[in-house]
Amino acid sequence: MLCGTRRERISQNPYGLCYKPNRRRKPKAPPVDLSTLCLVHGILEERGIRRAAALANRPASSASAALRRVEAALSVPLVRRDGQALVPTLEAEARLPQLGEIARATSALAALGEGRNATSAISLAALARFAAAARTGSINAAAKSLGLGQPQLTRQLSKLEASLGCTLLDRSAKGISCTAAGLEALALAERIAAAWDALSAASAERFRRSAATWRLGTVIPFGHESEIAAMLARLAVEWRAARPRQPLFLSSTTADELVSGLKNRRFDLILLDTDRYPAEFDGRLIGRSQLALAGPRHLDRSQDFAALLHSHPIAVPSPRSGLRQMTDRFLEATLSSAERARLTLVEVDSIPVIINLVLDHGHLSILPEHSVANISPPPTLLPLDAAYQQSLSLVWPRDALSRQAADTIIALLSRP
């Protein structure tokens, strides 16, 4: 059958899941020049765009654009934000040695002639063409091997020499030969090419692996004994049995970050702890869990909800989570605005920490009854009205491949 675009032929498994060999084609890498790579090296070293731009005497906008171009060329994110600072990702840390090698070789290349600030005009392609011409000893032969016209290559080599401010090649009727500066430039060009090849090879391998992988973003399970954790573990095992050549990558985070990740294609599908999601996506309710007011094991059950809420601090998850939204609904329905203003709320973006606060530090929290009941011994649980439930929804983009992946996940989760 045909799935997705008309030209994209897909094979199926018994669960209806499409193979996706062309689902994420690696984009054509944008042109990258030496100045761009040096700016990105500076950003990673200085951990900031403005500091790196100031050191390079370039506008911050140029440094930011350089970072985007290199991330696109390598198909990996190189930085993440930590407050106001930029922190290199693990992928970036692994690539810093190669970027440092390129920066050092670029500095040495600029020092060959008078064009010390002109390396911004030198692309990796220009260096590769110079190296090809120098190695063959003939501009015409090099042009043929590169698929270029001889006049075009001649102009490019002359432009490179003008940028560096020195003569790289001696021309004669017998061909070309490197000057002293040309020999140094050739060695530096090959150092730069080797470093870039190492960077590109790592990215190509990473893309090859990720292109076949389905990425499922999920809410954070309450613990290894929770229903969600058990469900996801079973899904991972059954998916691997059904599709050994298509890995399923699971990543847990908050509801808002899941939706953002689906929009920017960091995730292919997401499992949300809410039945509300953007109208631009499709979704299916996977299940519901009854919520309960969880408290310490010695909690006085004779008190009503309002009295309990005022006599204990309340641990709540991040506002970005579906569980927090349901908690807020319960508090608004149970207490007046004046009463809510007197509550002691402790916001913690970690469910395991919240459970520890409930069990060992006298806090209350709104948690799924069945998941928390599996803790041994469990906290005191006071079930809420049936209107308060944690919903689990599988959400995906509106395209044929995503729909088939969603159908597969739903079928696997529905198996007894």
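An unreviewed UniProt entry lists the protein under the name LysR family transcriptional regulator, with Shinella zoogloeoides given as the organism. Quoted verbatim from the Sequence similarities (unreviewed entry) field of UniProt, the annotation for the protein is "Belongs to the LysR transcriptional regulatory family."

A separate point is the overall build of the protein. Looking only at helices and strands, the protein features 16 helices and 13 strands. Considering the protein as a whole, with its 416 residues, one finds that 47% of them fall into the buried category. When the accessible area of the protein is evaluated, it comes to approximately 20,400 Å², of which 52% is carbon and sulfur surface.

Interhelical geometry of helix H9 (residues 227-242) versus helix H16 (residues 400-414) gives an angle of 115° and a closest axis separation of 10 Å. One finds that H9 runs roughly perpendicular with respect to H16. Between H9 and H16 lies a crossing whose hand is right-handed. Two secondary-structure elements touch here, H9 through Met 231, Arg 234, Leu 235, Glu 238 and Trp 239 and H16 through Ala 405, Thr 408, Ile 409, Leu 412 and Leu 413. Classifying every residue of the contact of H9 with H16 by side-chain character gives seven nonpolar, one polar and two charged.

Direction vectors running N to C along helix H1 (residues 34-46) and helix H3 (residues 60-74) enclose 100°, while the axes themselves pass 9 Å from each other. The pairing of H1 with H3 is recorded here as roughly perpendicular in orientation. Where H1 approaches H3, its residues Thr 36, Leu 37, Leu 39, Val 40 and Ile 43 are matched on the opposing element by Ser 62, Ala 63, Ala 66, Leu 67, Arg 69 and Val 70. In the contact of H1 with H3, the residues fall into eight nonpolar, two polar and one charged.

Let us now look at the side chain of Asp 273. As for its placement among the helices and strands, Asp 273 is situated in the loop between strand E7 (269-272) and strand E8 (282-295). What Asp 273 contacts, discounting residues up to four positions off in sequence, is Val 219, Ala 255, Ser 321, Gly 322, Leu 323, Gln 390, Ser 391 and Leu 392.

Right, let's talk about the pattern of salt bridges for a bit. By the definition in use, this model includes 12 salt bridges. In this structure, the salt-bridge partner of Glu 161 is Arg 171, at a minimum N-O distance of 3.1 Å. Highlighted residues: Glu 161 in helix H7 (residues 150-164) and Arg 171 in strand E3 (residues 169-172), separated in sequence by 10 residues. Assessed through its relative accessible area of 40%, Arg 171 is described here as partly exposed. Salt bridges here are not isolated pairs; linked through shared partners, they connect Glu 101, Arg 104 and Arg 191.

Our next topic: unusual backbone geometry. Although it is not a glycine, Arg 47 adopts a positive phi angle of roughly 55°. Arg 47 sits in the partly exposed class, given a relative accessible area of 38%. With a phi angle near 55°, Asn 57 is a residue other than glycine that sits in the positive phi range. The exposure class assigned to Asn 57 is exposed, which follows from its relative accessible area of 72%.

Counting 54 residues, the largest nonpolar core has Phe 130 and Trp 196 as the members making the most contacts within it. For this core, the secondary-structure elements that each account for two or more residues are H1, helix H2 (49-55), H3, helix H4 (90-110), helix H5 (124-136), helix H6 (139-146), H7 and helix H8 (180-211). Tallying contributions element by element places H8 first for this core, with nine residues. Look past the residues within four positions of Trp 196 in its chain and what remains in contact with it is Val 32, Leu 37, Ala 73, Leu 74, Ile 102 and Leu 124. By size, the runner-up hydrophobic cluster in this structure holds 33 residues, among which are Val 316, Phe 330, Val 348 and Leu 381.

Helical periodicity: at 3.6 residues per turn, an α-helix aligns residues three or four positions apart in one direction. Relative to the 18 Å expected for 13 residues at 1.5 Å per residue, helix H12 (residues 322-334) spans 19 Å between its end C-alpha atoms, a close match to the ideal helical length. Turning to H12, its buried residues number three or more, namely Gly 322, Leu 323, Arg 324, Met 326, Thr 327, Phe 330 and Leu 331.

Turning to the packing of aromatic side chains, a few remarks are in order. The tally for this structure, following the rule as stated, stands at two aromatic pairs. Ring geometry for Phe 305 against Phe 330: centres 5.5 Å apart, planes inclined by 85°, an arrangement best described as edge-to-face. Highlighted residues: Phe 305 in helix H11 (residues 305-311) and Phe 330 in helix H12, separated in sequence by 25 residues. What makes Phe 305 partly exposed here is its relative accessible area of 27%. Ring centres of Phe 330 and Tyr 388 lie 5.5 Å apart, and the angle between their planes is 90°; on these two criteria the pair is classed as edge-to-face.

Before going further, it helps to spend a moment on the pairing of E3. As judged from the four bridges shared by E3 and strand E4 (residues 175-178), these two strands associate in the antiparallel manner. Paired with Leu 169 across the two strands is Cys 178, which belongs to E4. Here E3 hands over to E4 after two residues, the two strands then running antiparallel side by side.

As a further point, take the environment of Tyr 388. Topologically, Tyr 388 is positioned in the loop between strand E12 (380-383) and strand E13 (389-396). The buried category is assigned to Tyr 388, whose relative accessible area is 13%. With 100 residues separating them along the chain, Tyr 388 and Arg 288 place their C-alpha atoms 9.8 Å apart. If sequence neighbours within four positions are ignored, Tyr 388 has contacts with Gln 290, Leu 291, Met 326, Arg 329, Phe 330 and Ala 333.

Criteria and cut-off values
- Residues numbered from 1 in each chain as written.
- Predicted model: local features only at pLDDT ≥ 70, side-chain atom pairs only at ≥ 80, totals over all residues.
- Heavy atoms only, no water.
- UniProt positions renumbered as here; feature names shortened; annotations may be inferred.
- Helix = DSSP H or I, 4+ residues; strand = E, 2+ residues; numbered from the N terminus.
- Buried < 20%, exposed > 50% of the residue type's maximum accessible area, 1.4 Å probe, protein only.
- Areas by Shrake-Rupley, 256 points an atom, 1.4 Å probe, with all protein chains shown as cover.
- Axes fitted to C-alpha atoms, helices over the stretch in contact; angles between N-to-C directions.
- Parallel < 35°, antiparallel > 145°, perpendicular 65-115°, else oblique.
- Left-handed = near helix turned anticlockwise from the far one by under 90°.
- Contact = heavy atoms within 4.5 Å.
- Nonpolar A, V, L, I, M, F, W, Y, C, P; charged D, E, K, R; others polar.
- Salt bridge = Lys/Arg side-chain N within 4 Å of Asp/Glu carboxyl O.
- Core = buried A, V, L, I, M, F, W, Y, C linked by side-chain atoms within 4.5 Å.
- Expected span 1.5 Å × (residues − 1).
- Phe/Tyr/Trp six-rings, centres within 6.5 Å; stacked < 30°, edge-to-face > 60°.
- Pairing = 2+ DSSP bridges.

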